[in-house]
There are 2 protein chains.
Amino acid sequence: MAENIAERIADRVEAMPPGERKAAQALVANYPLIGLKTVADFAAKAGVSAPTILRFVSRLGFQHYSDFQAHLQEELAAQLQSPLIRSTAPASSRESGASPMVDASIENIRETFRHIPAHQIAEIVDVLANPRMRIMLVGGRFTDPLARYMAAHLTIIRPNVLHLAGQESNWRDRLIDMGKRDILVILDIRRYQESLVRFAEKAGQRGVHIILLTDQWLSPIARFARHVVAGRTAVPSAWDSSAALFVMAETLIAEVTRRLEVESARRIGEMENLRDN
Amino acid sequence: MAENIAERIADRVEAMPPGERKAAQALVANYPLIGLKTVADFAAKAGVSAPTILRFVSRLGFQHYSDFQAHLQEELAAQLQSPLIRSTAPASSRESGASPMVDASIENIRETFRHIPAHQIAEIVDVLANPRMRIMLVGGRFTDPLARYMAAHLTIIRPNVLHLAGQESNWRDRLIDMGKRDILVILDIRRYQESLVRFAEKAGQRGVHIILLTDQWLSPIARFARHVVAGRTAVPSAWDSSAALFVMAETLIAEVTRRLEVESARRIGEMENLRDN
DNA sequence: CGCCATACGTAACAGTTATTACAGAGACAG
DNA sequence: CTGTCTCTGTAATAACTGTTACGTATGGCG
């Protein structure tokens, strides 16, 4: 379905009459641009008539010339999106330039991932991908949105995902139900919130598997956590940046999704069924 | 004459009226493919009418839309023919080591900011830093946490910041109080949520100043928005990445904070007083 | 040599497109 | 508030585009 048009041509070019073969040659010769022009232009370039072009695209499986063009455009779009293609770019603005804020964020992301061994991420993913464990997520004042972000994705691909929202008292009472089969993902950066620390401590005592995402100075929660991920947060701003932790969150989400591919596919299918009714 | 159209846009975008500026944004956001489609398609993507598109290309120095398209095609042809890009890729020499996910995220951030002129960010900051305007923030399924993140910061440095949480019906009823003195910050990436579009449309009709953070394919809300920021989202994952938009959010927060430095310092002082009692 | 099937182009048609003129909406100075 | 100027969308139009039907040419086979 999503196959390349160039390949499709190569497959069928032998079975084509001479005129259409000329069309095929002209198309691959300067692929794919003439395919985006009008039928008349295409025909002139190929040295055939317009109807021959239409018969050609019809043989490729497209009912309308516009379908054919749409397909070519999609291919082009995918190709242009791959980041490495940027010859027309002003090369100067490349290395830095954007803004100190952006440069610092990128540097933070790089540094954060350089200091984290791959096996540590793998271990966390193992834990998060275990469907028999219940996942709870909570964050501080500014990091709670990141917890929500993770929860929004995880809850789609696996069961038993819960974001602890609202007031501290709300989730403190949940402690009584928590135990060794629970995972607690905590996000906490400066200034560390006492309420979170207390909560984490009690959860740790009950055997909850704590995964902490924090900054490079390490929240005191690190003492109770089984896994600690430290992200760089320094940027030229009055605030600390959570960008590195955000990318970390997305990375974890992506990996867990990959791990649960089969299970989650079925799960998503069921969800869409439920939505249709 | 043989200059790049993207550069030509960057030169003249400041002198353009708002509608044509939206056209410029839409074109730069996914350059250059929408420029190769029909005027009507281009107009729909940009959220303006067809004549505005024609005035836009006219301002770029093209007498006919077809001239404009021809120029774009030549650029594309030159770009596609130069094979140096992929082979001499400098990204490998640079330590790309981390992971494809991280590399893609960094590249997305770079690309996003490269496509956004500095004055556009400045304009948005101007609006957000106006204390007489009320700011409301809302997001879609996965982007709502970003709205929360922005709200959490903005609400500290200035008054009248409100995150629209929960069900659609909750905020739809707020429309009646909304008008020209309101700013609505909307985050919306694929797959765009109908409820958000409807909400934005009605808000736009009431004169609300809409700032849209979306992906490179532009949410349909772009039609109603006064400011559109398009972030790259493609990563090697089953999900789209909001990392670029996250950095954009942090950048906006940082800039607004800087702008309001004096006012917010007093405000923060008062807040701490209130907390101590 | 004659018949048939396939391939191709010409020409007409219908739908779509770019383009233009015009009027309403909005911003701004007086 | 009033007039003016800029900007923008609506609607009509003229050019063009894709598409189809049809006739001609060509090559193979009896």
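Above this text you will find the structure in question.
Residues numbered from 1 in each chain as written. Chains lettered and ligands numbered in written order. Predicted model: local features only at pLDDT ≥ 70, side-chain atom pairs only at ≥ 80, totals over all residues. Heavy atoms only, no water.

> Quick question: what am I supposed to make of the overall build of chain A here?
Of the regular secondary structure elements, chain A holds 13 helices and five strands. The C-alpha atoms of chain A give a radius of gyration of 27 Å, which is well past the 19 Å a tight globule of 277 residues would have. Dimensions of chain A along its principal axes, counting C-alpha atoms only, are 80 × 50 × 30 Å. Expressed as a percentage of its 277 residues, the buried residues of chain A come to 50%. Here the analysis covers contacts within chain A between residues at least 6 apart in sequence; of these, 68% occur between residues at least 24 apart. Taking the average place of the 34 positive charges on the side chains of chain A and the average place of its 32 negative ones, the gap between the two points comes to 2 Å. (Helix = DSSP H or I, 4+ residues; strand = E, 2+ residues; numbered from the N terminus. Rg over C-alpha atoms; globule rule 2.2 N^0.38 Å. Buried < 20%, exposed > 50% of the residue type's maximum accessible area, 1.4 Å probe, protein only. Contact = heavy atoms within 4.5 Å. Lys, Arg positive; Asp, Glu negative; His and termini not counted. Charge placed at Lys NZ, Arg CZ, Asp CG, Glu CD.)

> Explain the sheet that holds strand E4 (residues 209–215) of chain A here, please?
In a beta sheet, neighbouring strands are held together by backbone hydrogen bonds and run either parallel or antiparallel to one another. All names here are of chain A. Read from one edge of the open sheet, five strands run E2-E1-E3-E4-E5, paired in parallel fashion. Two strands bound the open sheet, and with one partner strand each, they are strand E2 (161–163) and strand E5 (227–231). Neighbour-to-neighbour, the strand axes of this sheet turn through a mean angle of 15 degrees, independent of strand direction. With three bridges connecting them, strand E1 (residues 134–139) and E2 associate as parallel partners. Within the sheet, the bridge partner assigned to Met136 lies in E2 and is Leu162. Sheet strands in contact with helix H8 (residues 118–128) are E1, strand E3 (182–188), E4 and E5, and its direction is about 125 degrees off that of E5. (Pairing = 2+ DSSP bridges. Axes fitted to C-alpha atoms, helices over the stretch in contact; angles between N-to-C directions.)

> Is there a simple way to think about the packing of aromatic side chains in this case?
Residue and element names in this part refer to chain B. The tally for this structure, following the rule as stated, stands at 13 aromatic pairs over all chains. With 5.7 Å between their ring centres and 40 degrees between their planes, Tyr65 and Phe68 make a pair best called tilted. Taken together, the residues Tyr65 and Phe68, both in helix H6 (residues 65–81) and three residues apart, mark about one turn of the helix. Overall, the relative accessible area of 0% leaves Phe68 in the buried class. Where Trp171 meets Phe199, the ring centres are 4.9 Å apart and the plane angle is 75 degrees; that geometry is what we call edge-to-face. Of this pair, Trp171 sits in helix H11 (residues 168–172) while Phe199 sits in helix H12 (residues 194–205), and the two are 28 residues apart along the sequence. The burial state of Trp171 is the same as that of Phe199; both residues are buried. (Phe/Tyr/Trp six-rings, centres within 6.5 Å; stacked < 30°, edge-to-face > 60°.)

> Looking at this model, I keep getting lost on the pairing of strand E4 (residues 209–215) of chain B. Mind explaining?
Within a regular beta strand, the side chains point alternately toward one face of the sheet and then the other, so they alternate between its two faces. All names here are of chain B. Among the seven residues of E4, seven are classified as buried, and the element is accordingly described as predominantly covered. Note that strand E3 (residues 182–188) and E4 share six bridges and pair parallel. Residue Asp188 lies in a different strand from E4, and its bridge partner there is Thr214. Regarding topology, H12 serves as the crossover connection from E3 to the parallel E4, and that connection is right-handed. (Right-handed = clockwise from strand over helix to strand, strands pointing away.)

> Just checking my understanding: could you explain the pairing of strand E1 (residues 134–139) of chain B for this structure?
Residues and elements named next belong to chain B. Taken across its six residues, E1 has five buried, putting it largely inside the fold. Note: E1 against E3, six bridges, orientation parallel. Across the sheet, the residue bridging to Met136 is Leu184, located in E3. Between E1 and its parallel partner strand E2 (residues 161–163), the chain crosses via helix H10 (residues 144–157), and the hand of that crossover is right-handed.

> In this structure, what is going on with the protein's contact with DNA strand C? I would like to understand it.
Gly19, Ser49 and Thr52 of chain A together with Val39 and Tyr65 of chain B are the nearest of the 15 residues found near DNA strand C. For DNA strand C, the fraction of atoms within 4 Å of the protein that belong to sugar or phosphate moieties is 62%. Here a phosphate oxygen of DNA strand C and a backbone polar atom of Pro18 of chain A are 3.4 Å apart. In the environment of DNA strand C, a phosphate oxygen lies 3.1 Å from a nitrogen or oxygen atom belonging to the backbone of Tyr65 of chain B. In terms of residue count, helix H5 (residues 50–59) of chain A provides more of the surface near DNA strand C than any other element does, three residues in total. (Near = heavy atom within 4 Å. Polar contact = N/O pair within 3.5 Å; in protein donor to acceptor, adjacent residues only side chain to side chain.)

> What is the right way to read the packing of helix H7 (residues 100–114) of chain A against helix H8 (residues 100–114) of chain B from this model?
Contact geometry of H7 of chain A with H8 of chain B gives a least axis separation of 11 Å together with a crossing angle of 180 degrees. Considering the angle they form, H7 of chain A stands roughly antiparallel to H8 of chain B. Of the residues in H8 of chain B, those in contact with Val102, Ile106, Ile109, Arg110 and Phe113 of chain A of H7 of chain A are Val102, Ile106, Ile109, Arg110 and Phe113 of chain B. A breakdown of the residues in the contact of H7 of chain A with H8 of chain B according to their chemical character gives eight nonpolar, no polar and two charged. (Parallel < 35°, antiparallel > 145°, perpendicular 65-115°, else oblique. Nonpolar A, V, L, I, M, F, W, Y, C, P; charged D, E, K, R; others polar.)

> Looking at this structure, I do not really get the sheet that holds E1 of chain B. What am I missing?
All names here are of chain B. Across the sheet, five strands lie side by side as E2-E1-E3-E4-E5; this open sheet has parallel pairing. On the outer flanks of this sheet lie E2 and strand E5 (227–231), each paired with one strand and no other. Between one strand axis and the next, the sheet turns through 15 degrees on average, direction left out of account. Contacts from H12 reach E1, E3 and E4, with the element oriented near 160 degrees to E3.

> Would you mind showing me how to read the interface of chain B and chain A here?
Size of an interface, as often reported, equals the accessible area lost when the parts are brought together. Facing the 64 residues of chain B at the interface are 61 residues of chain A. Across the interface of chain B and chain A, roughly 5600 Å² is buried in total on both sides, 63% from carbon and sulfur atoms. Connecting chain B to chain A are zero salt bridges. At the boundary of chain B with chain A, the tally comes to 10 residue pairs in polar contact (both at pLDDT 80 or more). Mapped by element, the contributors of at least two residues to the side of chain B that touches chain A are helix H3 (33–36), H6, helix H7 (84–87), H8, H10, helix H13 (243–259) and helix H14 (261–276) of chain B. Sorting elements by how many residues they give to the side of chain B that touches chain A places H8 of chain B first, with 10 residues. (Buried area = accessible area lost by both parts, 1.4 Å probe. Salt bridge = Lys/Arg side-chain N within 4 Å of Asp/Glu carboxyl O.)

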